[in-house]
Each structure stands twice: as structure tokens, then as C-alpha cells.
Amino acid sequence: MATCSFCGNELKEGRGTRLFRRDGSMLNFCTRKCEVNLRVLKRTPTEYKWTKKYASTAKKKGKGESKEAKHVVKAPDKK
Ligand SMILES: [Zn+2]
């Protein structure tokens, strides 16, 4: 089973796009969204929360982030 080069999800047989570069490297994409993010917009998957690669890097850093973002409101300082 191939995995998506951007988000890291597994690809089912007959699904997704496979791209071969001139240097011989191979890229798999599950959706057009992933392909555009990597090739056109040249984004790195570790910066986006919806990718599996983001979750793996967050664990390595030791920041156990919850699924829902916490809104922290600081009281303004009175002088
Ligand atoms: Zn993908």
C-alpha cells in the first residue's frame, strides 16, 4: 500500500495520482488538494494540522496538543 507524499494517508488500489520526477523519485497523492499543496503552493506537510506528518512531529517535540484548540484570553494589565 502506498502512502500519500503530503498528508501520509494510505492509498487504496486504483485511487490517487502517482508522479515520477526526472531524478527517479516517486510521489503519491491521495487527492488534488495534497498535490496542489506540495507541487504548486510548495508547502511543507509538517506545518498543517490536517496531515499525519504534523501529528508525528508534534509528538517528537513533546507538545501534546489536544484536538480542539484552546482559547486563552489574558486579562489586560492595569497600571
Ligand atoms: Zn494526501
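This structure is a prediction, so every number in the text was calculated from the model and none was measured.

So, the overall build of the chain
Helix and strand content of the chain: two helices and two strands. From first element to last, N terminus to C terminus, the chain shows the α and β order β-β-α-α. Looking at the chain as a whole, 15% of its 79 residues are labelled buried. Long-range contacts, defined here as pairs at least 24 residues apart, represent 40% of the contacts in the chain between residues at least 6 apart.

A short note on the pairing of strand β2 (residues 26-29)
With four bridges connecting them, strand β1 (residues 17-20) and β2 associate as antiparallel partners. Its bridge partner lying in β2, Thr17 is registered against Phe29. Following β1, the chain reverses through five residues before pairing antiparallel with β2; Gly24 in that reversal takes a positive phi of roughly 95 degrees.

Digging into helix α1 (residues 32-40)
Note on helix geometry: an α-helix contains 3.6 residues per turn, so any two residues three or four positions apart are oriented the same way. For α1, the set of buried residues is Cys34, Glu35 and Asn37. The buried residues of α1 occupy an angular sector of 165 degrees when projected down its axis, which confines them to one face. In α1, the exposed positions angled more than 90 degrees off the buried face are occupied by Arg32, Lys33 and Val40. Residues of α1 that are buried make contact with β1 and β2. Looking at the residues trailing α1, positive phi occurs at Lys42, about 55 degrees.

Brief notes about the nonpolar core
Listed in full, the six residues of the largest apolar core are Cys4, Phe6, Cys7, Phe29, Cys30 and Cys34. Those residues within four positions of Cys30 in sequence are excluded, and the remaining contacts are Cys4, Cys7, Asn9, Leu11 and Gly16.

Structural notes on the confidence of the model for the chain
Confidence in the prediction of the chain, expressed as mean pLDDT, is 86, and 87% of residues score 70 or more. Put simply, helix α2 (residues 52-61) is where the chain has its lowest mean pLDDT, 82, and α1 is where it has its highest, 95.

So, unusual backbone geometry
Positive phi outside glycine occurs at Lys42, with the angle close to 55 degrees. By the secondary structure assignment, Lys42 is in the loop between α1 and α2. When the 7 C-beta atoms within 10 Å are taken as the criterion, Lys42 is described as exposed.

Brief notes about the environment of Ser56
Here Ser56 shows up in helix α2. Sequence-wise, Ser56 and Thr46 are 10 residues apart; in three dimensions their C-alpha atoms are separated by 8.4 Å.

Rules of the game
Residues numbered from 1 in each chain as written. Predicted model: local features only at pLDDT ≥ 70, side-chain atom pairs only at ≥ 80, totals over all residues. Helix = DSSP H or I, 4+ residues; strand = E, 2+ residues; numbered from the N terminus. Buried ≥ 20, exposed ≤ 12 C-beta atoms within 10 Å, placed from the backbone. Contact = placed C-beta atoms within 7 Å. Pairing = 2+ DSSP bridges. Arc of directions from axis to C-beta. Core = buried A, V, L, I, M, F, W, Y, C linked by C-beta atoms within 7 Å. pLDDT = per-residue confidence, 0-100.

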